[in-house]
Amino acid sequence: MNRLEEELYNKISTDKYVFDFIQESSLDGLWYWDLEEPEDEWMSPKFWTTLGYDPTSKQHKSSEWQDIINQEDLKAALDNFNRHIEDPSFPYDQIVRYQHSLGHTVWIRCRGLILRDDNNKPIRMIGAHTDVTQLKLNEQKAINALQARDKFFARMSHEIRTPLFGMLGVTESLLAEPSNLNIKSDLTTILSCGEQLQRILNDILTLAKIDAGKLALSIETVSLSNVLEHISFLFSKPAEAKKLNFVVNFQSCENLFVDTDKVRLIQILGNLVSNSIKYTDVGSITVSSSKSNTHCSIQITDTGIGIEDIDKIMLPFEQETNVQPLDANSSGLGLDVVSHLCELLKIEFSIDSALGKGTQVKLTLPLKKIETPETTNAPTQAPDYTQKLGRILIVDDNTINLIIAEKMLSPLCACLDKAKDGIKSLELINKNQYDIVLLDINMPHMDGFEVLKELKSLNLTYKPKIYMLTADAYETTKKRCLSLGCDGFLTKPFSKQQLLSLLHS
């Protein structure tokens, strides 16, 4: 034992003022409990003053504090006490709630140590109290702030996605009609801006979920060639609009599979390819893959302006300073989202760049060993999106949404009816036989969840396919819809092809 430590022990045992100073200054109360006479327990005066009581009015009895402690917390404390008796290495340490003399709650961290006699019998227990009320109040404020932020993001997501769906839907519909090249060019610009706005919104929501620890991952075995083919489909037209040579070698990764979240992997690659197109004015963008025995890599290589400070652009809201003028259309969130998602999915992520020469981004993932049957290599038949869909009911309280859905589907269905609220939709369903019901969630009088529950309880002579369409992009909403028995789910804004893909799946 250290000389000064030994001296302090002696001072505590012989000098009452030293002991009083320690218990008054270091803690919010000491206690000493006689386990042989459990009703006898000494509580230091500071414990009672912390709770707003006059110490002289309190007896040194365990019943005194047990009457004012939260009874659920008392049960948990006694449970921990019994576990500590059985196993001394199990800590007696918990936060409990007491009622202050003025009626409010005081949060106390209570720690203790059982003392045993020579026969290992528990005879006493010493403990300490620490007032952690302010910490708990601050914690609750932080939780309330996060909940308020989540509600705000959910509301803003819905409010932004609804008009965005209208804009993109009308533009997509018009693009299929005009022969005037100038009008077609203007419409393409509108569509491109809307898609960019949608990506920014998705990035904001993704970062909010990551920050709150609420981002749900859906890990599955994913075909890399399938993912890269989708990337080729998404970005061929934007690259073509800038006269860039856009090459995606998805054939190079046939029969390569990884365990990952497919949606998030596409979001990562989408952000990276979008950046390459944005900052490349001349030349090419190539997406390719390679593999080793245990890993595979995806490389995105462009001939763009390059990056001067890679560390800086990885920070949220930052942009590359050598872009003149600074890109007003960039949120500076894309690479921050990529970095966070790669960390969550355990994807190695690296950037190599040279000013004026271009950038290469590399993603490395563990390979999934798949025993591929001989039939795997057989080409899959593309879905026939011209196939008739039968009778359809569209339920949405937004007039523009109804118009867009009608434009997308009317050429492909025998009959298309519309309803602007849940009550009207049920009236129509009881009168007519529909093959498909497209159901919005947020509606007055009766929301989509209630309609879905009612439909599942009705004893209909036929069973329509029910698809939920919503501007709510939160994973919990999708899970709730699927748990209630819907046949599919689609987040607004969506394209005609995405809708037809869902209905033909």
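Throughout what follows, the structure given in this document is the object of discussion. (Residues numbered from 1 in each chain as written. Predicted model: local features only at pLDDT ≥ 70, side-chain atom pairs only at ≥ 80, totals over all residues. Heavy atoms only, no water.)

Turning our eyes to something else, we now look at helix α14 (residues 448-457). Restricting attention to buried positions, one finds in α14 the residues G448, F449, V451, L452 and L455. Each buried residue of α14 sits inside an arc of 160 degrees when the element is viewed along its axis, so together they form one side. Packing partners of the buried residues in α14 comprise α13 (422-431), β15 (436-440), β16 (465-470) and α15 (475-483). The N-cap residue of α14 is D447: its side-chain oxygen and the backbone nitrogen of F449 are 3.1 Å apart. (Buried < 20%, exposed > 50% of the residue type's maximum accessible area, 1.4 Å probe, protein only. Helix = DSSP H or I, 4+ residues; strand = E, 2+ residues; numbered from the N terminus. Arc of directions from axis to C-beta. Contact = heavy atoms within 4.5 Å. Polar contact = N/O pair within 3.5 Å; in protein donor to acceptor, adjacent residues only side chain to side chain.)

Glancing now at the packing of aromatic side chains. For the structure on display, the rule yields five aromatic pairs. Arranged with centres 4.9 Å apart and planes meeting at 70 degrees, the rings of F47 and W48 form a pair that is edge-to-face. W48 carries the same exposure label as F47, and that label is buried. Pairing W48 with Y53 gives two aromatic rings, centres 6.2 Å apart and planes at 90 degrees, and the pair type is edge-to-face. Since its relative accessible area comes to 1%, W48 is described here as buried. In this structure an aromatic cluster arises from ring pairing among F47, W48, Y53 and Y98. Across the ring face of W107, the terminal group of K136 is positioned such that the distance to the ring centre comes to 4.7 Å. A cation sits over an aromatic face here: R480 above F449, 3.8 Å from the ring centre. (Phe/Tyr/Trp six-rings, centres within 6.5 Å; stacked < 30°, edge-to-face > 60°. Lys NZ or Arg CZ within 6 Å of the ring centre and 35° of its normal.)

This paragraph deals with unusual backbone geometry. With omega at -5 degrees, the peptide bond leading from K492 into P493 counts as cis. The backbone phi angle of N120 is positive, close to 70 degrees, even though this residue is not glycine. Examined against the element boundaries, N120 turns out to sit in the loop between β4 (105-116) and β5 (122-131). Phi at K346 takes a positive value of approximately 60 degrees, unusual for a residue other than glycine.

This next bit is on the sheet that holds strand β11 (residues 348-354). Sheet architecture is open: five strands sit in the order β7-β9-β10-β12-β11, paired in mixed fashion. The outermost strands of the open sheet, each flanked by one partner alone, are β7 (245-248) and β11. Adjacent strand axes in the sheet meet at a mean angle of 15 degrees when their direction is disregarded. By the bridge criterion, seven bridges tie strand β9 (residues 284-291) to strand β10 (residues 295-302) in an arrangement that is antiparallel. Looking at the pairing, V287 lines up with I300 of β10. Helix α8 (residues 224-241) rests against β7, β9 and β10 of the sheet, and its axis sits at about 170 degrees to β7. Against the sheet, helix α9 (residues 262-278) makes contact with β7, β9, β10, β11 and β12 (358-366), and its axis sits at roughly 25 degrees relative to β10, the strand it touches most. (Pairing = 2+ DSSP bridges. Axes fitted to C-alpha atoms, helices over the stretch in contact; angles between N-to-C directions.)

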